[in-house]
Structure formats: structure tokens, C-alpha cells
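Chains, contacts and geometry: an overview
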Amino acid sequence: GVSLSVNGAAAGLKFVSNTDKQINFVMPIGLAPGLGTVAVNVLDTGANTDTLLRGLVQIVVAQPDIFTTTMDAGGRAAAFNVTNPLAMPLAEPFNVTSDDGTGTQVPTKIALSVTGMRFAARTEVTVTVGTTAITGDNIVSVQPNREMPGFDIITFTLPASLAGAGDVPIQVSFLRGTTNTVSRPAATAPHITIN
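Summarised in this report is the structure supplied together with it. The shown structure was predicted, so the numbers you read here are calculated from the model rather than taken from an experiment.

Turning next to the sheet that holds strand β2 (residues 9-10). What the four strands build is an open sheet, ordered β2-β1-β5-β6; its pairing is antiparallel. Sheet topology places β2 and β6 (49-59) at the edges, where each strand pairs with a single neighbour. Looking at chain direction, strand β1 (residues 2-6) and β2 are connected through two bridges and run antiparallel. Directly across from Val 6, in β2, lies its bridge partner Ala 9.

So, about the side chain of Asp 152. For Asp 152, the location among the structural elements is in strand β15 (residues 151-157). One buried charged side chain, Asp 152, makes no salt bridge at all; its nearest oppositely charged neighbour is Arg 118, positioned 5.5 Å away. Of note is the side chain of Asp 152, whose polar atom sits 3.0 Å from the backbone nitrogen of Met 117. Sequence-distant contacts of Asp 152, defined by excluding residues within four places in its chain, comprise Leu 112, Ser 113, Val 114, Thr 115, Gly 116, Met 117, Arg 118, Gln 143, Pro 144 and Asn 145.

Let us look at the nonpolar core. If you look at the biggest cluster of nonpolar residues, it comprises 27 residues, and the most contacted ones within it are Val 127, Val 129, Ile 154 and Phe 156. Elements supplying a minimum of two residues to this core: β11 (109-115), β12 (125-129), β14 (139-144), β15, β16 (166-176) and β18 (191-194). Top element by residues in this core is β16. It accounts for four residues. Apart from residues lying up to four places away in sequence, Ile 154 is in contact with Ile 110, Ala 111, Leu 112, Val 114, Met 117, Val 125, Val 127, Ile 139, Ser 141, Val 142 and Val 172. Counting six residues, the second largest nonpolar core, distinct from the first, contains Leu 4, Ala 11, Val 38 and Ile 59.

Reported here for the largest pocket is a volume of approximately 1,100 Å³. Every residue lining the largest pocket is counted, 36 residues in all, and those nearest its centre are Met 27, Thr 115, Gly 116, Arg 118 and Gly 150. At the level of elements, β3 (12-17), β4 (22-26), β6 and β15 are the ones that each hand at least two residues to the lining of the largest pocket. Here the lining of the largest pocket takes four residues from β4, the largest share from any one element. Of the residues assigned to the lining of the largest pocket, the class counts are 22 nonpolar, nine polar and five charged.

Our focus in this paragraph is the pattern of salt bridges. Between side chains of opposite charge, a pair can form as their charged atoms come close. What the rule picks out here adds up to five salt bridges. Residue Asp 167 is joined to Arg 76 by a salt bridge in which the shortest nitrogen-to-oxygen separation is 2.7 Å. Placement of the pair is Asp 167 in strand β16 and Arg 76 in the loop between β7 (65-66) and β8 (79-81), with a sequence separation of 91 residues. Owing to a relative accessible area of 26%, Arg 76 belongs among the partly exposed residues under this scheme. Shared partners join several salt bridges into a network, and the residues in it are Arg 76, Glu 92 and Asp 167.

What follows concerns the pairing of β15. Most of β15 is tucked away: six of the seven residues are buried. As defined by bridge partners, β11 adjoins β15 across seven bridges and the pair is classed as antiparallel. Across the sheet, residue Thr 115 finds its bridge partner in β15, namely Phe 151. Across five bridges, the pairing between β14 and β15 is antiparallel. The residue of β15 that forms the bridge with Ile 139 is Phe 156. Between β14 and β15, which pair antiparallel in sequence order, lie six residues; one of them, Gly 150, sits at a positive phi of approximately 90 degrees.

Along the chain, Gly 12 turns up in strand β3. Counting along the chain gives 138 residues from Gly 12 to Gly 150, while the straight-line C-alpha distance between them is 8.9 Å. Discounting chain neighbours no more than four positions away, the residues touching Gly 12 are Asn 24, Phe 25 and Val 26.

Cut-off values and rules
- Residues numbered from 1 in each chain as written.
- Predicted model: local features only at pLDDT ≥ 70, side-chain atom pairs only at ≥ 80, totals over all residues.
- Heavy atoms only, no water.
- Pairing = 2+ DSSP bridges.
- Helix = DSSP H or I, 4+ residues; strand = E, 2+ residues; numbered from the N terminus.
- Buried < 20%, exposed > 50% of the residue type's maximum accessible area, 1.4 Å probe, protein only.
- Lys, Arg positive; Asp, Glu negative; His and termini not counted.
- Salt bridge = Lys/Arg side-chain N within 4 Å of Asp/Glu carboxyl O.
- Polar contact = N/O pair within 3.5 Å; in protein donor to acceptor, adjacent residues only side chain to side chain.
- Contact = heavy atoms within 4.5 Å.
- Core = buried A, V, L, I, M, F, W, Y, C linked by side-chain atoms within 4.5 Å.
- 1 Å grid on protein atoms, 1.4 Å probe; cavity = no way out; pocket = protein on both sides within 12 Å on 5 of 7 lines; lining within 4 Å.
- Points joined across faces, edges and corners; volume = space filled by probe spheres on them.
- Nonpolar A, V, L, I, M, F, W, Y, C, P; charged D, E, K, R; others polar.

So, in C-alpha cells, the structure goes:
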């Protein structure tokens, strides 16, 4: 009996909890940046009531966040080695080179599960592993996760300079014009391990 809209556009609901007083939703596509109105409609057919709640949300072009094992700060990043397209994605620890399926060792490709990057171009994205910024052609793609609306996947290659980095934080930043947003700060960012 719950529905939600932002500036009149229906939002896809992911999670609704009366106990937690929480609603997780997918921001509708095509909203202009700025302050938006959120309308939550709660229909209780048993009590024959219809309650409308309103609030405000800041709409930005992009605001990356990395999914983690804890679904919060301090977890492991949702990252997988996808170098070999014929093999199942491999979890950490990662090597800086991997078999591409032909027996050839190539720079490891990592698929990172994120949100808040819809329609971002790969040239607008930087992945920082430890203190190493990964940009340019090392960002292979930024695309929506076709199985999970509202989720995105950034695929990037690990540079050889990260060999032996160990357990390091990983961050994602987005830059378009004057808009510059970053996922969690390094102190609370998720981590990955690189051999």
C-alpha cells in the first residue's frame, strides 16, 4: 500500500519498513538537478485511510557509492575479477595480472558494484585504489546493472604499480563541469586486497 514519487515521477521501491521507518527507492530517470519534492502515499485499505507524506531531496547529476559486504561503512567492496569472460567472476584477493582465458596474463579487470552513476561517461569517473588514481583508458566501462535497477557497474583495470598493495580503501569520484562528487572518504571507504 506504499507508493513514492519525486517531482511527480513514480519511483521504483526496493525496500519498505514500518519498523525501521525506512524506504529505499530508485530515483526516477530524467529529473533535473536541484531540490525535489518526495511524496509518499500510504494506503491502508483495512482502516480505509490514505496518508500523504511530503519531504525534500537534493537531486544531483551523480553521487557514487560502493556496495559493501556490510551495506555500510567498514565493509569489503563488492568487487570481482572479470578478466576471463568465460569464467565465473572471482572475489578478492586480486592480482594485478590474470589469465584472460587464452593462457595470456593481462592486466586484471575488476567489476565494481556501485550506485549513483547512472549515465556517467567513463571519462567522468576516477577509481582510487589506496592512493592510486585510475582514469582514462583504464576505466573500461560504466554501465547499469541490468539485473538490479538503480545499481551500476564500473569495470576498470588494475595498474601494475598496485602489485603488493595489500588491504587498501577504494573510492569512486565523478566529475562533470563544476559537479565533483566522491563516494565515502578513505577513512570509511570499503576495502579490497591486492596481492
